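Inside the fold
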Amino acid sequence: MSAAVVRPVPDLGTVVHDAQAPVAIMSSSFDVIILGAGMAGASLAAELAPQRKVLLLEVEDEAGRHATGRSAAMFFESYGNATVCALSRASRAFLEHPPAGFADAPLMTPRAAMFVADVEGLPRLEAMLSAPGAAPTLRRLTPAAAIERVPILRPEWLAGAALDESGCDMDVAAIHQGYLRSARRAGAQLVLGARETMLAHEAGRWVVRSRVGEFGAPVLVNATGAWADAVARRAGVQTVGLQPKRRTAVTIPAPEGHDIRRWPLVIDIDETVYFKPDAGQLLLSPANEDPMDPCDVAPEELDVAIAVDRFETLASHPVRRINHRWAGLRSFVADKSPVVGFDARAEGFFWLAGQGGYGIQMAPALARAAAALLLDRPLPADIAAQGVVAADLAPGRPALRGQG
Ligand SMILES: Cc1cc2nc3c(=O)[nH]c(=O)nc-3n(C[C@H](O)[C@H](O)[C@H](O)COP(=O)(O)OP(=O)(O)OC[C@H]3O[C@@H](n4cnc5c(N)ncnc54)[C@H](O)[C@@H]3O)c2cc1C
């Protein structure tokens, strides 16, 4: 092979392959190869590396370029279905008190969520407040109290509100970097810039062939986010019916004369728009869920226009400038629970996919649950105590049959 362009990054123990240049072909055997170095792959690598020889392989030149780098960074225990909520509750302790050396600054900052409704939405707000499974932290607010907290809300639009003060903003980059660093310290190897990979199951082991080398392991983890079904197909494994959905977000300048730092996330009761403070600006999203094929997704002008229109309907702050716009893919299977576990029909093929819009807030518990299942151990007791059951995560569960 021609000259190697392999740059070790001392901090992360990473090997990065230059996009333009020819690379050295490496060849190595591992216990586990994890495809995808987003939040899912990085967190599982950190959990497994103390116990197994792990390769974390990423097609892009940087880790976290897709869903992980594009999230709204919210933590709400009451967001998602019962399994997602249970995994998020089980993740809270880690995010609030990470192990020493994991991060330099707090990973969570309190951020309430305020649900708002106009006259038409009031019955749904009432239903949310009185639902048997309603979060105990959720309480009613009068429109006046809501406007006191967020003075740009239009009094002529607002008919009712509810507040949940248990939420937080997360420092997603710090969590992701913390996991990558922990994985490296425990001996995992991170290889970036792999580009296309060929997957084969040969003589009882998975072989990954790529421009950066050939790697083998008895266990292959599919933590490729929106690409998880496409990767399964390439591996000759039955898919699970994963649907990536585009969500768009923009930032706009903060309204002048307001200290927005302590504003809650404001979300309309039908989840058609939300906004929240974000590094001195307002982050705004039309909360869209547009089905897409996996790709490096870009925001559509129409989504941006819809976000602005919905925002201006409930807030008296005209949007004159968009500072930044982006879109990312939130990937769901039919029952909107994550898919975690060995595929019963493909030896050594392990799924860690379908994190939807909650893959950051449930990452700590999901990674520990995944590590336990991969090592053929029971779910950690604290996670099971929250009501998480391995069968609800299994790739072969009834809800996913016939979906692939
Ligand atoms: C706009 C938006 C807002 C969100 N808001 C929140 C929020 O507030 N709170 C929350 O908890 N979650 C939120 N999410 C969801 C969260 O971002 C995701 O659930 C999470 O990032 C998924 O992580 P992942 O590692 O599975 O996927 P990704 O981060 O997409 O990582 C998958 C990786 O796999 C790589 N890959 C693909 N194919 C291969 C291959 N063949 N070999 C090797 N690597 C491969 C990709 O390049 C990518 O880096 C949001 C998502 C979006 C888009």
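Residues numbered from 1 in each chain as written. Predicted model: local features only at pLDDT ≥ 70, side-chain atom pairs only at ≥ 80, totals over all residues. Heavy atoms only, no water.

Let us look at the overall build of the protein chain. Along the backbone of the protein chain there are 10 helices and 24 strands. Against the 2.2 N^0.38 benchmark of 22 Å for 404 residues, the protein chain shows a C-alpha radius of gyration of 22 Å, consistent with a compact globule. Within the protein chain, the proportion of its 404 residues that are buried is 53%. Contacts in the protein chain between residues far apart in sequence, at least 24 positions, make up 71% of those at least 6 positions apart. (Helix = DSSP H or I, 4+ residues; strand = E, 2+ residues; numbered from the N terminus. Rg over C-alpha atoms; globule rule 2.2 N^0.38 Å. Buried < 20%, exposed > 50% of the residue type's maximum accessible area, 1.4 Å probe, protein only. Contact = heavy atoms within 4.5 Å.)

We now examine the sheet that holds strand β7 (residues 108-110). The strand order across the open sheet formed by three strands is β6-β11-β7, and the pairing between neighbours is antiparallel. In the strand order of this sheet, the two ends are held by β6 (74-75) and β7, each with one partner. Bridge count for β7 against strand β11 (residues 168-170) is three bridges, and the pairing is antiparallel. Across the sheet, the residue bridging to Met108 is Met170, located in β11. (Pairing = 2+ DSSP bridges.)

Taken together, 36 residues are adjacent to the ligand, and Glu58, Thr68, Ala72, Met74 and Gln361 come closest. One of the side-chain N or O atoms of Thr197 is found 3.3 Å from a nitrogen atom in the ligand. Gly359 has a polar backbone atom sitting 3.0 Å from an oxygen atom of the ligand. Considering the ligand on its own, with 1,000 Å² of exposed area, one finds that the protein chains cover 97% of that surface. Of all the secondary structure elements, the ones that give two or more residues to the shell around the ligand are α1 (39-48), α6 (228-234) and β22 (324-332). Take the shell around the ligand: its biggest share by element is three residues, from β22. Grouping the amino acids of the shell around the ligand by side-chain chemistry returns 16 nonpolar, 14 polar and six charged. (Near = heavy atom within 4 Å. Polar contact = N/O pair within 3.5 Å; in protein donor to acceptor, adjacent residues only side chain to side chain. Areas by Shrake-Rupley, 256 points an atom, 1.4 Å probe, with all protein chains shown as cover. Nonpolar A, V, L, I, M, F, W, Y, C, P; charged D, E, K, R; others polar.)

At their nearest, the axes of helix α2 (residues 82-96) and helix α8 (residues 363-374) sit 6 Å apart, and the two run at 105° to each other. Of the possible angle classes, the one that applies to α2 and α8 is roughly perpendicular. Together, Leu87, Ala90, Ser91, Phe94 and Leu95 of α2 and Ala363, Pro364, Ala365, Leu366 and Arg368 of α8 make up the contact between the two elements. A per-class count over the contact of α2 with α8 returns eight nonpolar, one polar and one charged. (Axes fitted to C-alpha atoms, helices over the stretch in contact; angles between N-to-C directions. Parallel < 35°, antiparallel > 145°, perpendicular 65-115°, else oblique.)

The next point concerns the side chain of Arg397. Structurally, Arg397 is set in the segment after α10 (390-393). Of the polar contacts made by the side chain of Arg397, one reaches the side chain of Asp335; its length is 2.7 Å. Separated by 3.0 Å, the side chain of Arg397 and the backbone oxygen of Ser337 make a polar contact. Sequence-distant contacts of Arg397, that is, excluding residues within four places in its chain, are made with Val333, Asp335, Ser337, Pro338, Val339, Ala391 and Asp392.

On to the side chain of Ser331, then. In this structure, Ser331 sits in strand β22. Sequence-distant contacts of Ser331, defined by excluding residues within four places in its chain, comprise Gly225, Ala226, Leu242, Gln243, Pro244, Gly354, Gln355 and Gly356.

At a minimum axis distance of 9 Å, the contact between α1 and α8 shows a crossing angle of 55°. With respect to α8, the element α1 is oriented oblique. Where α1 crosses over α8, the handedness of that crossing is right-handed. Residue-level inspection shows Met39, Ser43, Leu44, Glu47 and Leu48 of α1 in contact with α8, the latter providing Ala363, Ala367, Arg368, Ala370, Ala371 and Leu374. Class assignment of the residues belonging to the contact of α1 with α8 gives a composition of eight nonpolar, one polar and two charged. (Left-handed = near helix turned anticlockwise from the far one by under 90°.)

Take Ser337: it is sitting in the loop between β22 and β23 (339-342). Its relative accessible area of 5% is what places Ser337 among the buried residues. Sequence-wise, Ser337 and Ala194 are 143 residues apart; in three dimensions their C-alpha atoms are separated by 29 Å. Ignoring anything within four residues of it in the chain, the contact list for Ser337 reads Asn81, Thr83, Gly354, Asp392 and Arg397. Here Asn81 takes part through its side chain, which lies 2.9 Å from a polar atom of the side chain of Ser337.

This brings us to the pairing of strand β10 (residues 160-164). Along a regular strand, successive side chains alternate from one face of the sheet to the other. Of all five residues in β10, five are buried; the element is thus mostly enclosed. What you see with β10 is no split at all: Gly160, Ala162 and Asp164 on one side and Ala161 and Leu163 on the other are buried throughout.

Note: predicted coordinates in regions of low pLDDT should not be interpreted at a detailed level. Within the protein chain, residue pLDDT values average 93, and 93% of them lie at 70 or more. Across residues 1-13 the pLDDT falls below 50, and counting only partners more than four positions away or on other chains, this stretch makes 35 contacts in the model. (pLDDT = per-residue confidence, 0-100.)

Attention now moves to the packing of aromatic side chains. Considering all chains together, one arrives at 10 aromatic pairs under this definition. Their ring planes at 85° and their centres at 5.1 Å tell us that Phe94 and Phe102 sit as a pair that is edge-to-face. Plain terms: the ring middles of Phe332 and Tyr358 are 6.3 Å apart, the flat faces sit at 80° to each other, and that makes the pair edge-to-face. Here Tyr358 lies in the loop between β24 (349-353) and α8 and Phe332 lies in strand β22, a separation of 26 residues in the sequence. For the pair Phe332 and Tyr358, a shared accessibility class is recorded, and that class is buried. An aromatic cluster is built from Tyr79, Phe332 and Tyr358, whose rings are joined through pairwise contacts. Lying over the aromatic face of Phe30, Lys53 brings its terminal NZ or CZ to 5.1 Å of the ring centre. (Phe/Tyr/Trp six-rings, centres within 6.5 Å; stacked < 30°, edge-to-face > 60°. Lys NZ or Arg CZ within 6 Å of the ring centre and 35° of its normal.)

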